[in-house]
Amino acid sequence: MSFRQLRSRWTVIVLATAGVASLMIQAIPASEASQSVAAVQAEVTNLQIRASAIAESAQQSQVDLIALTRSLNSVQAKDSVQTTSLTALKRSIGILAAEQYKNGFLGQGMTLMFSSDPTQYLNSAQSLSVVETQNAVRMRKFAAADIALKSTALTLHQKVALVAAAKAKYQSQEAAAQAELRQAEKLLAGLSKAQRAKLAALQSREENSYQKRSLVLSKGKINASGAEAIALRFALRQIGSRYEFGGAGLLYWDCSGLTMRALQQAGISLPHSASAQTSYGKYVPLNQIRPGDLVFFGQPITHVGIYFGGGKMIDAPHSGARVRIEAFTSWFGGEKFVAARRF
């Protein structure tokens, strides 16, 4: 099952739960939500964050897989050209050898030497010397081409192995993310209809609260200029859009898809991977970050957001959530802040 299919399955579950809540939400005060439902909500959110972190690692594997595949295609093309060239050299050498065998290279030389026409001997001897030189050149080219082809074949074999390993890693991470969401589904399935309604009500209140605060904050002044301001404005326009594994707009986003598109608006090209994005821009110490800087979490990197200012960031947080402005601290979920980059 692909990440897009997985997102669809998760959306159906969320909407089904929310559908029950829509009939009851007005009648259920927050104080009535049982401790067990609140605990399930916390665990479901934790599983969603973990699934999204694994999915973000899969994005890095996908970036690696794409790069390796391009490299493999390049080596395959080189192998094809070298094979064609070697075949042509082999054919030309074979033709020359056949001609020499047919005419007798040494016999021609002896015949010419005892020719009664010295001019014919000198001209023909010169021609034989040229042929011999051409043959030597062709043999050297053939040897060099043969070595180059064998080297390319070795590289090709290595590239094929690397592509296979990257593909296996991507598929493994995709399966791991699916397993986390299946566990969340299992938790939801264990609740009664009334409990699912309470849970949906809690989630709805939380999302609405984030949405309301985010929209209010988005109306304020942006304390940035240049590329940072452009990226921030774009990200702010996405507030309320849903998270999706591998999402890169304009309806659905994952964390690195949002930052990639936001910087793209400012003419800055980034890969669709939080981990890969840490290799771009320049490092910024935590005590010097400013609005528009990208902030990264996890070792390895599993989340990225855009610093908004005032101790807040804009991000696509995790499965089941929406793009929002939330608190920026030294931790996101269970992942520690590790770096900031400026472009």
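Here is a short report on the structure shown in this document. What you see is a predicted model; the values in this text were computed from it and never measured.

1. Considering the overall build of the protein chain
Each helix and strand counted, the protein chain has eight helices and nine strands in total. Within the span of the protein chain, comprising 343 residues, buried residues form 40% of the whole. Roughly 18100 Å² of accessible area belongs to the protein chain as shown, and the carbon and sulfur atoms make up 57% of that amount.

2. Re the pairing of strand S9 (residues 335–342)
Where strand S3 (residues 282–283) meets S9, two bridges bridge the pair, whose relative direction is antiparallel. Within the sheet, the bridge partner assigned to tyrosine 283 lies in S9 and is arginine 341. As paired strands, strand S4 (residues 294–297) and S9 are joined by four bridges and run antiparallel to one another. When the bridges of S9 are listed, phenylalanine 296 appears paired with alanine 339. The pairing of strand S8 (residues 331–332) with S9 spans two bridges and is antiparallel. Bridge pairing in S9 links phenylalanine 332 to glutamate 335. Linking S8 to S9, which pair antiparallel, is a turn of two residues; within it glycine 333 sits at a positive phi near 60°.

3. Comments concerning the pairing of strand S6 (residues 312–315)
For strand S5 (residues 303–309) and S6, the ladder comprises three bridges, and the chain directions are antiparallel. Bridge pairing in S6 places isoleucine 306 opposite isoleucine 314. Between S5 and S6, which pair antiparallel in sequence order, lie two residues; one of them, glycine 310, sits at a positive phi of approximately 65°. As paired strands, S6 and strand S7 (residues 324–327) are joined by four bridges and run antiparallel to one another. Opposite aspartate 315, over in S7, you have arginine 324 as the bridge partner.

4. Some thoughts on the environment of glutamine 277
With respect to the element layout, glutamine 277 can be found in helix H8 (residues 274–277). Setting aside residues up to four positions removed in sequence, glutamine 277 forms contacts with Ser256, Thr259, Met260, Leu270, Pro271, Leu294, Phe296, Val304, Arg341 and Phe343.

5. Looking at the environment of alanine 168
Summarising the element assignment, alanine 168 is placed in helix H4 (residues 118–189). Counting along the chain gives 103 residues from alanine 168 to leucine 65, while the straight-line C-alpha distance between them is 9.8 Å.

6. What to know about the pattern of salt bridges
Going through the model one piece at a time under the given rule, you end up with six salt bridges. The salt bridge partner of glutamate 326 is arginine 324, with a shortest N-O separation of 3.4 Å. For the pair glutamate 326 and arginine 324, one class covers both residues: buried. Several salt bridges share partner residues, and in doing so they unite Glu207, Arg324 and Glu326 into one network.

7. Some details on the nonpolar core
By size, the foremost hydrophobic cluster in this structure holds 31 residues, and its most contacted members are Leu236, Leu294 and Ile314. Put simply, the parts of the chain that give this core at least two residues each are helix H2 (35–103), helix H6 (226–237), helix H7 (255–264), S4 and S5. When residues in this core are grouped by element, the largest group, five residues, is from H6. When near neighbours in sequence (up to four residues on either side) are disregarded, isoleucine 314 contacts Leu232, Ala235, Leu236, Gly305, Ile306, Phe308, Val323, Arg324 and Ile325.

8. Remarks on unusual backbone geometry
Put simply, glycine 249 and leucine 250 share a cis peptide bond, and its omega is 0°. Along the polypeptide, leucine 250 turns up in the loop between strand S1 (242–243) and strand S2 (252–253). A cis amide bond, omega 5°, links glutamine 299 with the succeeding residue proline 300. One can find proline 300 in the loop between S4 and S5.

9. Structural notes on the packing of aromatic side chains
Scanning the entire structure with this criterion turns up seven aromatic pairs. An aromatic cluster is built from Phe297, Tyr307, Phe328, Phe332 and Phe337, whose rings are joined through pairwise contacts. The cationic tip of arginine 324 hangs over the ring face of tyrosine 210; the distance from NZ or CZ to the ring centre is 3.6 Å.

Rules used in this analysis
- Residues numbered from 1 in each chain as written.
- Predicted model: local features only at pLDDT ≥ 70, side-chain atom pairs only at ≥ 80, totals over all residues.
- Heavy atoms only, no water.
- Helix = DSSP H or I, 4+ residues; strand = E, 2+ residues; numbered from the N terminus.
- Buried < 20%, exposed > 50% of the residue type's maximum accessible area, 1.4 Å probe, protein only.
- Areas by Shrake-Rupley, 256 points an atom, 1.4 Å probe, with all protein chains shown as cover.
- Pairing = 2+ DSSP bridges.
- Contact = heavy atoms within 4.5 Å.
- Salt bridge = Lys/Arg side-chain N within 4 Å of Asp/Glu carboxyl O.
- Core = buried A, V, L, I, M, F, W, Y, C linked by side-chain atoms within 4.5 Å.
- Phe/Tyr/Trp six-rings, centres within 6.5 Å; stacked < 30°, edge-to-face > 60°.
- Lys NZ or Arg CZ within 6 Å of the ring centre and 35° of its normal.

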